[in-house]
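The residues making up each chain are set out below.
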Amino acid sequence: MKLTEWLLRRKPNVFVTEERLREALRHNPPDAPVPAALRRSCLINTETVDGHEVITLTPRSGATGTEVIYLHGGVYVRPLVGAHWRIIEALIRRTGATFVVPLYGLAPRYTADDAYRFLDAVYETVVQRTGDHPVFLAGDSCGAGLSVGLAIRCRDEGLRPPSGLLLFSPWLDVTMTNPGIAALTGLDPMLAPAGFVAAGRDWAGDRSVTDPLVSQLHDTLKDLPPISIYQGGHDILLPDAEKFAAKARAAGTHVDLHLWPTAIHVFVGAGWTTEARQALRDAADRIRSAARD
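Residues numbered from 1 in each chain as written. Predicted model: local features only at pLDDT ≥ 70, side-chain atom pairs only at ≥ 80, totals over all residues. Heavy atoms only, no water.

How should I be thinking about the overall build of the chain in this particular structure?
Secondary structure assignment for the chain yields 10 helices and eight strands. Against the globule reference of 19 Å for 293 residues, the chain gives a C-alpha radius of gyration of 18 Å, in line with a compact fold. Its C-alpha atoms give the chain principal-axis dimensions of roughly 45 × 40 × 35 Å. Every one of the 293 residues in the chain was classed for burial, and the buried ones make up 56%. On the chain, roughly 12100 Å² of surface is accessible, and the fraction owed to carbon and sulfur atoms is 53%. (Helix = DSSP H or I, 4+ residues; strand = E, 2+ residues; numbered from the N terminus. Rg over C-alpha atoms; globule rule 2.2 N^0.38 Å. Buried < 20%, exposed > 50% of the residue type's maximum accessible area, 1.4 Å probe, protein only. Areas by Shrake-Rupley, 256 points an atom, 1.4 Å probe, with all protein chains shown as cover.)

What should I look at first to understand the pattern of salt bridges in this one?
Close approach of charged atoms allows side chains with opposite charge to pair. Under the definition given, this model contains 16 salt bridges. Between arginine 153 and glutamate 157 there is a salt bridge, with its nearest N and O atoms 3.5 Å apart. Here glutamate 157 falls in the partly exposed class, since its relative accessible area comes to 43%. Across the pair aspartate 211 and arginine 207 runs a salt bridge, and its minimum N-O distance is 2.9 Å. Given the relative accessible area of 26%, arginine 207 is considered partly exposed. Connected via shared salt-bridge partners are Glu18, Arg22, Arg201 and Asp202. (Salt bridge = Lys/Arg side-chain N within 4 Å of Asp/Glu carboxyl O.)

Right, dumping it as structure tokens:
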């Protein structure tokens, strides 16, 4: 992990200021294509829902019927990248689950309201297709927060709840006002509050930045499915992940918070590291366990 962090520190941090983030977004690449290795090991189906692509990857052999809706990170403004596919590939290989990857629209063109309309349709389709098989929600960074938001909608609308939530370095409060963040800013080689606050404001659209569907930490967190959080200590999002876990537990929701003290943001994308292998192994165990129940 030390080498990975050192390499990241040699790259410019585009989140240091809002201006730097806006400049980086002018050169946003397209979503990374499905890698050849996944095309060889999975049947790939791509369809359009509400104007956005949904990519479904089903193992060619050993498929269990369990499905995982995976929402990629990127601060709600950046596309799916190769590291996201590495996470997905590792989990498919370990579980035999089918992964559904919705490419939700990015801010500032799209907002949280657009995303939930799209994801509601995706979730309904997956639940109808799976029958009695488990359906998990998973994601990294903002995608992890969005997974919690979708679970909140399921609860509030009386829909079938997900079997569980797998959250990798979740972004759970776009206000970035937790006083613990400042102490970690110097340790985090990737993130900075200013750019995150700007992106969160864009994502909120007409909603308040403290709306629970935008900043999930502000929900009651009652009556949610079991949650597993995989978090690094060199990540400015750690204080809110800890606050979220404590609040959810107090509300009666089961939460396991796994912390690697020197790991970075979304460290599971660095699959060659010990920390990533440990986290992915645990997440896969939870998916497989649900399939056996």
